[in-house]
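Secondary and tertiary structure notes
Letter by letter, the chains look like this.
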Protein chains: 2
Amino acid sequence: MKNGNNTRLFINEVATRDGFQMESHFIPTDDKVALIDTLSGLGYAKIEVTSFTSPKAIPALRDGEEVMGRIARRPGVVYTALVPNVRGAERALDVKIDEFNIVMSTSETHNLSNLRMTREQSFSQLAGVIELAQRATVPVNVSLSCVFGCPMEGEVPLETVLGWIDRFAERGVAGITLCDTTGMAYPTQVDVLCKAVMERYPELDFTAHFHNTRAMGLVNSVAAVEAGVRRFDMSLGGIGGCPYAPGATGNVATEDVVHMLQCMGYDTGMDLDGLIHAAGEVGRLVQHELSSQLPRAGHRLTRHQPPADFAEIAERAAARSEGKEVRA
Amino acid sequence: MKNGNNTRLFINEVATRDGFQMESHFIPTDDKVALIDTLSGLGYAKIEVTSFTSPKAIPALRDGEEVMGRIARRPGVVYTALVPNVRGAERALDVKIDEFNIVMSTSETHNLSNLRMTREQSFSQLAGVIELAQRATVPVNVSLSCVFGCPMEGEVPLETVLGWIDRFAERGVAGITLCDTTGMAYPTQVDVLCKAVMERYPELDFTAHFHNTRAMGLVNSVAAVEAGVRRFDMSLGGIGGCPYAPGATGNVATEDVVHMLQCMGYDTGMDLDGLIHAAGEVGRLVQHELSSQLPRAGHRLTRHQPPADFAEIAERAAARSEGKEVRA
């Protein structure tokens, strides 16, 4: 594997939307605002603040407008939100969102299960959202689910994935996020898919979104970056799960991936110590153990103390080398 | 990342030594024998059965002779054990071990802390073990700790690592295991170190031994295999930890790594379903949660059922497409 040679990468935080929406208790609005204000200073390219879905469907994010209205928007950071339909788009425009993130699945069974619509119905609804965004000159990113496989259908053919990207590209979206929705991606598959889409659509910004469900989140991130992907979704503490694998971990953890990429010589633009601290704050808010490793282990050069009796051990060893015996 | 193209890899299981020695309660001898007999049929190149250290120092493995005497030794599988000194070597020879695995650290502070000797003292003790092995024509493998960094000293210079390998190579050992003792390795470092040692010592068998302490165990495995390493230590369920990072995970989990390598097209020779089953057995024996992902998530093409009301969802969606409205 090659050194990153300071290649600039762009990191998106999704804990505040993709993570918080899965939590069983409501995170207070004040805490969300304070967390996002902290994150804004850590070097992120983009923060997915909330979701403008129905407050009944996702009560955890019912305070989307208030959060967007109260955070301090730092120049250079893109504040995005999930926008499912025209009603959500109008709400997002009211609070002057920087980008719409729209979602559908490349698997018919997953789309029906998750969004209760056929893929054609989703596309037609999202086409209305894109139209509205374009009138308001707000860029649109499409998060395409299950591009590395569907937990119900199995493999999703590359041609199917390319077909949906074609249709969104024709509508003039700015970017596509390749979502490994339930952690089915593996490195050589990531390499093939990422290269195929980047070659076919040089004008689109591609983002990789991996889950650590089968422990391959970090290696898939390296496969994507080596294939040329420069934008990555991550979630502090690895929060945000998937409903199809009980007990399994979900999103890759921002602090773990950033630590690795920095070790490898990539320029992530991120403040790693700040991330570890913010992950602790996320842990406090969600009130459960995090799946990330770095808050427990520290960065790789974290120094640990030798045993308390180290001086004595060393002295005895030295005495043995000199042929003397030290008695306890 | 490149497809493995059926490149043959050789997998070593260390749970029964490196894992069990860390457990707080004694695993019954019958269970150890039954587990190893199961593992012998799963495709491993090598199984680290036990340790011939003092029963007082590691009571968890005080039954080493009995376990070695009772397992069914399958032709083609190398049954190895940790041998710390001449006394241990004699015990290991008594039970006709296939290989000695000897251990020292490339970090002076770590060696003193862990083995209570200077590195020179360790080397001199191990030289006696090697002599005994050579007289008995038993091959010796050296597990070199901290080659990717020391939790107390920080970086361990490449020249230091090469210097110790030089000295063991001169003594005619068969192989060297590059141990990432506390999970400090990162992919580009793995690439550099593995290529350096394989170029310098074409006659030695190198094994990579990674920990998942900072979530990089799988990506480091890929870095090693892409650098040309073909032998890997792994631990079922990821058991076996490191005392320097409380709460952190330890060894990479056999089932997680084998699953990834098989997805990538490598020939591991392993029975993956058998491994997942054996990991469940390990979990039952150690009586605590495992850090591995695959026993929870299943292999990547594990099929999940759609929601219970899927037929109804699909029917309503179809009706909407036909312009009809279905009422609940």
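My aim in this report is to walk through the structure given alongside it, one point at a time. None of the values given here were measured: they were computed from a predicted structure.

It is worth spelling out the interface of chain B and chain A at this point. Contacts between the two partners involve 64 residues from chain B, matched on the other side by 64 residues from chain A. Our count for the chain B to chain A interface comes out at 4 salt bridges. Notably, a salt bridge pairs Arg-116 of chain A with Asp-309 of chain B, separated by 3.5 Å at the nearest N-O pair. Counting residues per element, the ones that place at least two in the side of chain B that touches chain A are helix H5 (108-115), helix H8 (187-200), helix H9 (217-227), helix H10 (254-263), helix H12 (294-297) and helix H13 (310-321) of chain B. The greatest single-element share of the side of chain B that touches chain A, amounting to 6 residues, is contributed by H13 of chain B. Among the residues forming the side of chain B that touches chain A, the class breakdown is 31 nonpolar, 20 polar and 13 charged.

Next up on the list: unusual backbone geometry. Residues and elements named next belong to chain A. One non-glycine residue, Gln-287, lies in the positive phi region at around 60°. Following the sequence through the fold, Gln-287 ends up in the loop between helix H11 (272-286) and helix H12 (294-297). Judged by its relative accessible area of 61%, Gln-287 falls in the exposed class.

What follows concerns the side chain of Thr-106 of chain B. Residue and element names in this part refer to chain B. One can find Thr-106 in the loop between strand E4 (99-105) and H5. With relative accessibility at 1%, the residue Thr-106 sits in the buried group. For Thr-106, the side chain forms a polar contact with the main-chain oxygen of Cys-146, separated by 3.3 Å.

Mapping between the two chain copies consists of a rotation about an axis together with a translation along that axis. In screw terms, the move from chain B to chain A is a rotation of 180° and a rise of 0.0 Å along the axis, fitting with an RMSD of 0.0 Å. Taken together, the rotation and translation describe the operation of a two-fold axis. Within chain B, Val-219 of chain B has its C-alpha nearest the rotation axis, a separation of 2.2 Å. Taken as a fraction of all interface residues of chain B, those also at the interface in chain A reach 100%, which identifies the copy contact as same-surface.

Bringing the sheet that holds strand E5 (residues 140-145) of chain B into the picture now. Two modes of strand pairing occur in sheets, parallel and antiparallel, and in both the strands are linked by backbone hydrogen bonds. All names here are of chain B. Read around the barrel, 8 strands follow the order E1-E2-E3-E4-E5-E6-E7-E8 and close on themselves; strand pairing throughout is parallel. Here the strands of the sheet are splayed against their neighbours by 25° on average, with no regard to which way each runs. In terms of strand pairing, E5 meets strand E6 (residues 175-179) through 4 bridges, oriented parallel. Bridging across to E6, Ser-143 finds its partner in Thr-177.

The rules behind each value
- Residues numbered from 1 in each chain as written.
- Chains lettered and ligands numbered in written order.
- Predicted model: local features only at pLDDT ≥ 70, side-chain atom pairs only at ≥ 80, totals over all residues.
- Heavy atoms only, no water.
- Contact = heavy atoms within 4.5 Å.
- Salt bridge = Lys/Arg side-chain N within 4 Å of Asp/Glu carboxyl O.
- Helix = DSSP H or I, 4+ residues; strand = E, 2+ residues; numbered from the N terminus.
- Nonpolar A, V, L, I, M, F, W, Y, C, P; charged D, E, K, R; others polar.
- Buried < 20%, exposed > 50% of the residue type's maximum accessible area, 1.4 Å probe, protein only.
- Polar contact = N/O pair within 3.5 Å; in protein donor to acceptor, adjacent residues only side chain to side chain.
- Least-squares fit on C-alpha atoms with pLDDT ≥ 70 in both.
- Pairing = 2+ DSSP bridges.
- Axes fitted to C-alpha atoms, helices over the stretch in contact; angles between N-to-C directions.

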